[in-house]
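# Structure at a glance
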Amino acid sequence: MELRINQQTYQVEADADTPLLWVIRDDLGLTGTKYGCGLAQCGACSVLVDGNVVRACVTPVAGVVGREVTTIEAIEADAVGKRVVAAWVEHQVAQCGYCQSGQVMAATALLKHTPKPSTEQIDAAMVNLCRCGTYNAIHAAVHELAQGENA
Amino acid sequence: MNNSRFARTAGWLALPCLVAAGLLAWYVTREPATPFSASDSANAALVSRGEYVARLSDCVACHSLPGKAPFAGGLEMATPLGAIHATNITADREHGIGAYSLADFDRAVRQGVAPGGRRLYPAMPYPSYAKLSDDDVRALYAFFMKGVQPAAEANIPSSIPWPLNLRWPIALWNGLFAPTTAYAQKPDQDPLWNRGAYIVQGPGHCGSCHTPRGLAFNEKALDESGAPFLAGALLDGWYAPSLRQDHNTGLGRWSEAEIVQFLKTGRNRHAVVYGSMTEAFNNSTQFMSDDDLSAIARYLKALPGEPRRDGAPWQYQATAAAPDAPGAHTYATRCASCHGADGKGQAEWMPPLAGATSMLAAENASAINITLNGSQRIVAAGVPDAYRMPAFREQLSDREIAEVLSFARSAWGNQGGAVQAKAVGELRGHTDPASSSPIILHMR
Ligand code: FES
Ligand code: FES
């Protein structure tokens, strides 16, 4: 089947029910997207599909044919994604880093839909787990981003 | 004078009592008639035909344990009176049924009577197996005698205390509730319908879970002549939904092809097997021939629904839930990745919750149970499922589960209604999380 990932077209051979995460990591070698739980519980595998954040471990690959997938590798090609990564660097959010590609995807999707989210909207969107407990740094970075371009 | 009249009267009274007691003793220990003689024997074609009948009948689900010899028995079944265990039905002469003649085997399978007249507990679905044809019983016997390795595994005695463990009253129960004749073709119906009726009522014993039970734990109907037949029932912490044409809680919205697809692959655009149905799928329905699955679908599509029981027909309604509504936030963070923010799931891999039986039925046991305990692995054509429902019992409190289910059971046009935290707590207490490893029961 034909997949569009990071503005590129890939031909992959996979069963229809193969999780998108397997295809991204194992078949295409895009290993920036992480495997945490495989059960939609942690968010480490978050990617964007048509600008919405989805958990790639529970996304059958057949469901993204004809849609535009964005992974962490290309997130800085997106204007919002670029701002998110810059804020992440500024706040030195990452500790071990394992969950952070997913956190960046979640924050990017939020800000793409809601450029100035309220605290409730941020809390509702930023629900990925972080074993290192970087929640305070994530919180600070997203709140700064929520104040807009010139904050 | 008075004394001798008394003695004479007592004598006259005692006589009928003795006769009645004698008749009762004969009735409850009698070995029923069987069409088979002791010399009926087996060949290879018959053995493999019997293996297929064993698949239709799902013998392995109760009579085998994972990692143990096939059909060596052991599955524990809780009853209100105590625990009983499925027995060794291999051809081992000491512990199994190796000493059974075909006639003995027939009496056990179709009438629930072991050699010597001992009555089986109706946990063995002989009220359904009674409908098996003579040919299928003969084939089944050939399979267990010649196709299954004898296993010297001792049976586990039941923990039911005396006098409740006396078996003879079951004979009276049988007289009231268990049929004694094989399925009879209905000449006014076509062969496909008849084949479907035979499998559903007989070997498939669908009614054991899907038909509601009466006070004596009897299935309220054993065929399409009774309205309660396959109308949905609560059993072992799961609600087995209606298999009739009920729009909401039954198969009203399913086509025949979708019923076939569900039984063959474990999934379709409406639902994915879960709960006890996973065992029925893993061990039985996926092995049925396409013709037999079509027959089942034809028969089930002919069972009318009951709108008064089923409620107003469900229709999808877009739900813009307030993100701070109780349960809506939990849904968004825990459920929506798979089941969709719109409740539509990712058919046919992750089932929709919009319009799902578990979200429409007043009985909420299945919704609670699967949320607490997750789903068992579905193994279709030897391949374990890529996606399964995780258990949330460690992550969500009774109140959180009640809230998220109350949300989902009232969103998107669903009308199952609110779930109370107390009901979650009760099920939490007597259920266990589903195993995350695939369980495969072999038959040979
Ligand atoms: S790996 Fe996908 S959510 Fe955890
Ligand atoms: S930074 Fe280590 S898991 Fe989040």
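Conventions adopted
Residues numbered from 1 in each chain as written. Chains lettered and ligands numbered in written order. Predicted model: local features only at pLDDT ≥ 70, side-chain atom pairs only at ≥ 80, totals over all residues. Heavy atoms only, no water. UniProt positions renumbered as here; feature names shortened; annotations may be inferred. Helix = DSSP H or I, 4+ residues; strand = E, 2+ residues; numbered from the N terminus. Expected span 1.5 Å × (residues − 1). Buried < 20%, exposed > 50% of the residue type's maximum accessible area, 1.4 Å probe, protein only. Contact = heavy atoms within 4.5 Å. Core = buried A, V, L, I, M, F, W, Y, C linked by side-chain atoms within 4.5 Å. Domains from an automatic or database assignment. Buried area = accessible area lost by both parts, 1.4 Å probe. Salt bridge = Lys/Arg side-chain N within 4 Å of Asp/Glu carboxyl O. Polar contact = N/O pair within 3.5 Å; in protein donor to acceptor, adjacent residues only side chain to side chain. Pairing = 2+ DSSP bridges. Axes fitted to C-alpha atoms, helices over the stretch in contact; angles between N-to-C directions. Parallel < 35°, antiparallel > 145°, perpendicular 65-115°, else oblique. Left-handed = near helix turned anticlockwise from the far one by under 90°. Nonpolar A, V, L, I, M, F, W, Y, C, P; charged D, E, K, R; others polar.

As recorded by an unreviewed UniProt entry, chain B carries the name Cytochrome c and is attributed to Pseudomonas soli. As its UniProt record puts it under Subcellular location (unreviewed entry), chain B is described as follows: "Cell membrane".

With an unreviewed UniProt entry as reference, chain A is termed (2Fe-2S)-binding protein, source organism Pseudomonas soli.

### Quick look at helix α12 (residues 290-301) of chain B
Residue and element names in this part refer to chain B. With twelve residues, α12 should cover 16 Å at 1.5 Å per step; its first-to-last C-alpha distance of 16 Å lies within 8% of that length. Three or more residues of α12 are buried, namely Asp292, Leu293, Ala295, Ile296, Ala297, Tyr299 and Leu300. Check the buried side of α12 and you find it contacts α2 (44-57), α8 (191-201) and α10 (256-265).

### Considerations on the nonpolar core
Residues and elements named next belong to chain B. One finds Phe71, Phe105, Phe144 and Leu300 to be the most contacted residues of the largest nonpolar core, which totals 70 residues. The dominant element in this core, judged by the number of residues it contributes, is helix α6 (residues 134-147), at eight residues. Contacts of Phe105, omitting those with residues within four sequence positions, involve Ile97, Tyr100, Val137, Leu140, Tyr141 and Phe144.

### A few points about the domain arrangement of chain A
Residues and elements named next belong to chain A. Domain assignment breaks chain A into domain 1 (2-73) and domain 2 (75-145). If you average the C-alpha positions of domain 1 and of domain 2, the two centres end up 20 Å apart. For the pair domain 1 and domain 2, the summed buried surface comes to about 1,300 Å²; carbon and sulfur atoms form 62% of the total. On the domain 1 side of the interface with domain 2, the three residues burying the most area are Lys34, Leu48 and Ile72, jointly 34% of the side's total. The interface formed by domain 1 and domain 2 includes zero salt bridges. Taken together, the connections running from domain 1 to domain 2 amount to nine residue pairs in polar contact (both at pLDDT 80 or more). Mapped onto the side of domain 1 that touches domain 2, the elements with two or more residues apiece are β3 (46-49) and β4 (52-55).

### Examining the pairing of β4 of chain A
All names here are of chain A. Bridge count between β3 and β4: four bridges; the pairing is antiparallel. The residue bridging Leu48 from the neighbouring strand is Val53, located in β4. Two successive antiparallel strands, β3 and β4, enclose a turn made up of two residues, where Asp50 displays a positive phi of approximately 50°.

### Quick word on the side chain of Ser358 of chain B
Residues and elements named next belong to chain B. Within the secondary structure layout, Ser358 lies in helix α15 (residues 357-360). Ser358 gets classed as buried once you look at its relative accessible area, which sits at 15%. Non-local contacts of Ser358, meaning those with residues more than four positions away in its chain, are made with Tyr274, Ala367 and Arg409.

### Observations concerning the packing of helix α2 (residues 79-90) of chain A against helix α5 (residues 135-146) of chain A
Residue and element names in this part refer to chain A. Here α2 crosses α5 at 135°, and the two axes come no closer than 9 Å. Classified by the angle between their axes, α2 and α5 sit oblique to one another. For the pair α2 and α5, the sense of crossing is right-handed. Residues Arg83, Val84, Ala87, Trp88 and Glu90 of α2 touch α5, and the partners they reach there are Ile138, Ala141, Val142, Glu144 and Leu145. Partitioning the contact of α2 with α5 into residue classes produces seven nonpolar, no polar and three charged.

### Describing unusual backbone geometry
A negative phi holds for most residues other than glycine; trans holds for most peptide bonds. With an omega of 5°, the peptide bond between Trp162 of chain B and Pro163 of chain B qualifies as cis. Here Pro163 of chain B lies in the loop between α6 and α7 (169-177). In this model, Ala40 of chain A sits at a positive phi of 65°, which is unusual for a non-glycine residue. When you line up the elements, Ala40 of chain A lands in the loop between α1 (20-27) and β3. Phi angles above zero are rare outside glycine, and His205 of chain B is one such case at about 35°. Residue position: His205 of chain B is located in the loop between α8 and α9 (207-210).

### Side note on the UniProt feature "binding site: heme c 2" (unreviewed entry) in chain B
Residues and elements named next belong to chain B. Sequence positions flagged by UniProt for "binding site: heme c 2" (unreviewed entry) are, in local numbering, Cys206, Cys209 and His210. Relative to the helices and strands, Cys206 is located in the loop between α8 and α9. Each residue touching Cys206, except ones within four places of it in the same chain, is listed here: Val200, Leu230 and Leu243. Mapped onto the secondary structure, His210 falls in helix α9.

### Looking at the domain arrangement of chain B
Each domain of chain B was delimited in the assignment, giving domain 1 (43-148 + 162-182) and domain 2 (309-430). Relative placement of domain 1 of chain B and domain 2 of chain B: their C-alpha centres are 37 Å apart.

### Considerations on the sheet that holds β4 of chain A
Residues and elements named next belong to chain A. One open sheet holds the five strands; their spatial order is β2-β1-β5-β3-β4, and the pairing between them is mixed. Sheet topology places β2 (8-11) and β4 at the edges, where each strand pairs with a single neighbour. Adjacent strand axes in the sheet meet at a mean angle of 40° when their direction is disregarded. Here strand β1 (residues 2-5) pairs with β2 via four bridges, running antiparallel. The residue bridging Arg4 from the neighbouring strand is Thr9, located in β2.

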